[in-house]
Amino acid sequence: MAKDHGPSIKDDATYEALLRQGASPEKAARIANARAAGTLEPGGGKLEDRTKAELYGQAKQIGIAGRSSMTKAQLVQAIRKG
């Protein structure tokens, strides 16, 4: 069972897993909260079917560094890694 990180973290298990993978606390919180809210992959469907602009917006929302110089394929891969 994951430790309760308070009301600012909506998905404690995801938050802890991301921290173990080396994500910063801020990035882990953004991703965990997006996943809990169901907005990590808005609209569902395949990431490859989205436009580069949509992927860039999602990458910005979850805090992926270097996104401005990434290709569409690189954005898809980075978003999947979370």
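How each quantity is defined
Residues numbered from 1 in each chain as written. Predicted model: local features only at pLDDT ≥ 70, side-chain atom pairs only at ≥ 80, totals over all residues. Heavy atoms only, no water. Helix = DSSP H or I, 4+ residues; strand = E, 2+ residues; numbered from the N terminus. Buried < 20%, exposed > 50% of the residue type's maximum accessible area, 1.4 Å probe, protein only. Contact = heavy atoms within 4.5 Å. Areas by Shrake-Rupley, 256 points an atom, 1.4 Å probe, with all protein chains shown as cover. Salt bridge = Lys/Arg side-chain N within 4 Å of Asp/Glu carboxyl O. pLDDT = per-residue confidence, 0-100. Expected span 1.5 Å × (residues − 1). Arc of directions from axis to C-beta. Axes fitted to C-alpha atoms, helices over the stretch in contact; angles between N-to-C directions. Left-handed = near helix turned anticlockwise from the far one by under 90°. Nonpolar A, V, L, I, M, F, W, Y, C, P; charged D, E, K, R; others polar.

Looking at the overall build of the chain
- Regarding its fold elements, the chain presents 4 helices and 0 strands.
- Starting at the N terminus and walking to the C terminus, you meet the elements of the chain as α-α-α-α.
- Looking at the chain residue by residue over its 82 residues, the buried ones come to 32%.
- In the chain, 25% of the contacts between residues at least 6 apart in sequence involve partners at least 24 apart.
- Accessible area of the chain: about 5,100 Å², with a carbon and sulfur share of 52%.

Here's the deal with the pattern of salt bridges
- Evaluated as defined, the whole model comprises 1 salt bridge.
- In this structure, the salt-bridge partner of Arg80 is Glu48, at a minimum N-O distance of 2.9 Å. Here Glu48 lies in the loop between helix 2 (25-37) and helix 3 (52-62) and Arg80 lies in helix 4 (residues 72-81), a separation of 32 residues in the sequence.

Observations concerning the confidence of the model for the chain
- Considering every residue of the chain, the mean pLDDT works out to 84; 89% of them sit at 70 or more.
- Highest mean pLDDT in the chain belongs to helix 3 (90); lowest belongs to helix 2 (83).

Side note on helix 2
- In a regular helix each residue adds 1.5 Å, so 13 residues correspond to 18 Å; helix 2 covers 18 Å between its end C-alpha atoms and thus fits that length.
- Looking at helix 2, one finds that the buried residues are Ala28, Ala29, Ile31, Ala32 and Ala34.
- Taken together, the buried residues of helix 2 touch helix 1 (12-20) and helix 3.

Points about helix 1
- Along helix 1, the residues that are buried comprise Asp12, Thr14, Tyr15 and Leu18. The arc that holds every buried residue of helix 1, seen down its axis, measures 165 degrees, which confines them to one face.
- Check the buried side of helix 1 and you find it contacts helix 2.
- Count one or two residues on from helix 1 and you reach Gly22, which has phi positive near 100 degrees.

Topic: the packing of helix 1 against helix 2
- For the pair helix 1 and helix 2, interaxial distance at closest approach is 8 Å and the crossing angle is 145 degrees. Note on packing geometry: the crossing formed by helix 1 with helix 2 is right-handed. Along the contact surface, helix 1 presents Thr14, Tyr15, Leu18 and Leu19, while helix 2 presents Pro25, Ala28, Ala29, Ile31, Ala32 and Arg35.
- Per-class residue counts for the contact of helix 1 with helix 2 are 8 nonpolar, 1 polar and 1 charged.

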